[in-house]
Amino acid sequence: MSWVCVNGEFVLDTDAKVSVWDHGYLYGDGLFETMRAYGGKIFALDAHLKRLRQGAKCLRLEINYADKQLQCLLQETIWRNDLASAYIRLTYSRGAGPIGLDPDLCPTGTLVIMAKPSQVAPVIYSEGISLGVSPIRRNHPAALSPAIKSLNFGNNILAKIWAKEHGYDDALMLNQDGWLTETTVSNLFFVKGAAVFTPALNTGILAGVTRECIINSTKVEQGMYALSQLLDADEIFLTNSGSEVIPVCALDGRIVGNGKPGMLTKQIHSDFQQLVREKLQI
C-alpha cells in the first residue's frame, strides 16, 4: 500500500476515492504532470508547475492551490512513501459536477498526487528500443493541442495499441502534414554526423521538460523534419521525465546506426544525469 494525496489530505491508496461525477473521469477534463525525484528531491519542479499552469490557462481551469502548496504536497507524498528515487504524478481535474460540458458545473477541482518507486529497466539503455511509424497522426493543435498535457490521451493510446499490435516498443507519430512530431510519451531527437535535431514545438508536440534541458545544454537544431531524414539518421533517442534519455536502435524494422545506442546519445544522457546531480546537489 502507498499514501496518496487527495485534495490536500493523505490517505492510503486503498481508501482513496474520486467522485464518479468528476469531469476528469467523465470527459477527460483536466491535466496531469509526471515528475522524477532523485535522492528524495523533485527535479525541475518549477518547470513542471509552470507547464501545469499554462495548460490550466488554456483549459480555463482554475487550480485552487498556490505553487508553494503544491510543492509541499508533492514533497510530502515522497516522504510519506519513504521514496528516494521516485516517479510522481500530479493530476488536477475540473472536479465533480452534474452531467454536461459547461465548466461552471464544477465549482472546485480535484487534486490527486501519487508516487511510486522509479523503476526503469536497464536494458533500454544498453540495448535501446524499437519504434514503428504509426498511421495514427498526432492530433491537430486546432482540435486539442498536444502542448496541453491533458487527461484526454486517446490519440496517444491508439498509437500505443498500434505499436503493440505490430511488435514495436513505441509508436512514432507524424502530424497532419507528414512532419515528424513525437512518440506516445516522449520527445524525439535524432543525430546526423555531429549535429542533433528535434522537431520544433510548432509541429504540434508537448514542450517536454527533459527536452528543454537537452536543448539548453547541447547544440540542437529545431525545425520541421521529414520521415526520410529520420530514416537516414546515425542515432535516434527519446526523452521524458521518467526515463530521461532512451536510445532507439530500430525504426520500422530497420537498424539505426550499428544497432547499438550511439556514442552521442550516451554522452547526452551522461551530461543530463550530471545536470540532475548539480541542480539537486546530490
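Residues numbered from 1 in each chain as written. Predicted model: local features only at pLDDT ≥ 70, side-chain atom pairs only at ≥ 80, totals over all residues. Heavy atoms only, no water.

A. Region of interest: the nonpolar core. Of all hydrophobic cores here, the largest spans 27 residues; its most connected members are Ile42, Leu70, Leu74, Ile88, Leu90, Leu111 and Ile113. Leave out the neighbours within four places in its chain, and Ile113 touches Val4, Cys5, Leu73, Leu74, Thr77, Ile88, Arg89 and Leu90. Membership of the second largest hydrophobic core comes to 19 residues, among which are Leu131, Leu174, Leu188 and Leu230. (Core = buried A, V, L, I, M, F, W, Y, C linked by side-chain atoms within 4.5 Å. Buried < 20%, exposed > 50% of the residue type's maximum accessible area, 1.4 Å probe, protein only. Contact = heavy atoms within 4.5 Å.)

B. Looking closely at helix 3 (residues 67-80). The end-to-end C-alpha separation of helix 3 is 20 Å, in line with the 20 Å expected for 14 residues at 1.5 Å each. All buried positions along helix 3 are accounted for by Leu70, Leu73, Leu74, Gln75, Thr77 and Ile78. Phi turns positive, to about 55 degrees, at Asp82, one or two residues after helix 3. (Helix = DSSP H or I, 4+ residues; strand = E, 2+ residues; numbered from the N terminus. Expected span 1.5 Å × (residues − 1).)

C. Inspection of the pattern of salt bridges at higher detail. As enumerated under the stated definition, the model contains 8 salt bridges in all. Across the pair Glu76 and Arg80 runs a salt bridge, and its minimum N-O distance is 2.8 Å. Here Glu76 and its partner Arg80 are both found in helix 3, 4 residues apart, which amounts to about one turn of the helix. Of the residues examined, Arg80 reaches a relative accessible area of 37% and is grouped as partly exposed. Here Asp234 ties to Lys192 by a salt bridge, and the two come within 3.7 Å at their closest N and O atoms. With a gap of 42 residues between them, Asp234 in the loop between helix 8 (227-231) and strand 13 (235-240) and Lys192 in strand 10 (residues 187-192) connect regions that are remote in the sequence. Under the relative-accessibility criterion, Asp234 is labelled partly exposed at 34%. For Lys192, a relative accessible area of 36% translates into the label partly exposed. When salt bridges with common partners are traced through the structure, they connect Lys192, Asp232 and Asp234 into a single cluster. (Salt bridge = Lys/Arg side-chain N within 4 Å of Asp/Glu carboxyl O.)

D. Structural detail: the layout of surface pockets. Each pocket or cavity is described by its volume, and for the largest pocket that value is around 930 Å³. Counting only elements with at least two residues in the lining of the largest pocket, the list comes to strand 3 (30-38), helix 2 (45-58), strand 5 (86-93), strand 6 (110-117), helix 6 (154-165), strand 9 (180-183) and strand 13. Residue composition of the lining of the largest pocket, grouped by class: 16 nonpolar, 20 polar and 10 charged. Along the wall of the second largest pocket there are 20 residues; nearest its centre are Arg51, Gln54, Leu201, Ala207 and Gly208. Listing elements by their share of the lining of the second largest pocket, those giving two or more residues are helix 2 and helix 7 (209-217). (1 Å grid on protein atoms, 1.4 Å probe; cavity = no way out; pocket = protein on both sides within 12 Å on 5 of 7 lines; lining within 4 Å. Points joined across faces, edges and corners; volume = space filled by probe spheres on them. Nonpolar A, V, L, I, M, F, W, Y, C, P; charged D, E, K, R; others polar.)

E. Seen up close, the side chain of Arg51. Checked against the element boundaries, Arg51 lands in helix 2. Under the relative-accessibility criterion, Arg51 is labelled buried at 9%. Setting aside its immediate chain neighbours within four residues, Arg51 contacts Glu33, Lys149, Leu206, Ala207, Gly208 and Val209.

F. Broad picture of the sheet that holds strand 4 (residues 41-42). Reading across the sheet, the 6 strands line up as 2-1-6-5-3-4 and stay open at both edges, with antiparallel pairing between neighbours. A strand with exactly one partner marks an edge of an open sheet, and here the two such strands are strand 2 (9-12) and strand 4. As judged from the 2 bridges shared by strand 1 (residues 3-6) and strand 6, these two strands associate in the antiparallel manner. Residue pairing across strands places Cys5 opposite Ile113, the latter belonging to strand 6. In the packing of helix 2 onto the sheet, contacts are made with strand 3, strand 4 and strand 5, and the angle to strand 3 comes to roughly 175 degrees. (Pairing = 2+ DSSP bridges. Axes fitted to C-alpha atoms, helices over the stretch in contact; angles between N-to-C directions.)

G. Looking closely at the pairing of strand 14 (residues 244-251). Burial of strand 14 is extensive: 8 of the 8 residues sit out of reach of the surface. Examined bridge by bridge, strand 7 (residues 129-133) and strand 14 share 3 bridges and lie parallel to one another. Pairing of Ile129 across the sheet is with Val248, part of strand 14. Here strand 13 folds back onto strand 14 in antiparallel fashion, the turn holding 3 residues. Connecting strand 14 to the antiparallel partner strand 15 (residues 254-255) that follows it, the hairpin turn spans 2 residues, and Asp252 within it adopts a positive phi of roughly 55 degrees.

Keep in mind that these numbers describe shape and distance, not what the molecule does.
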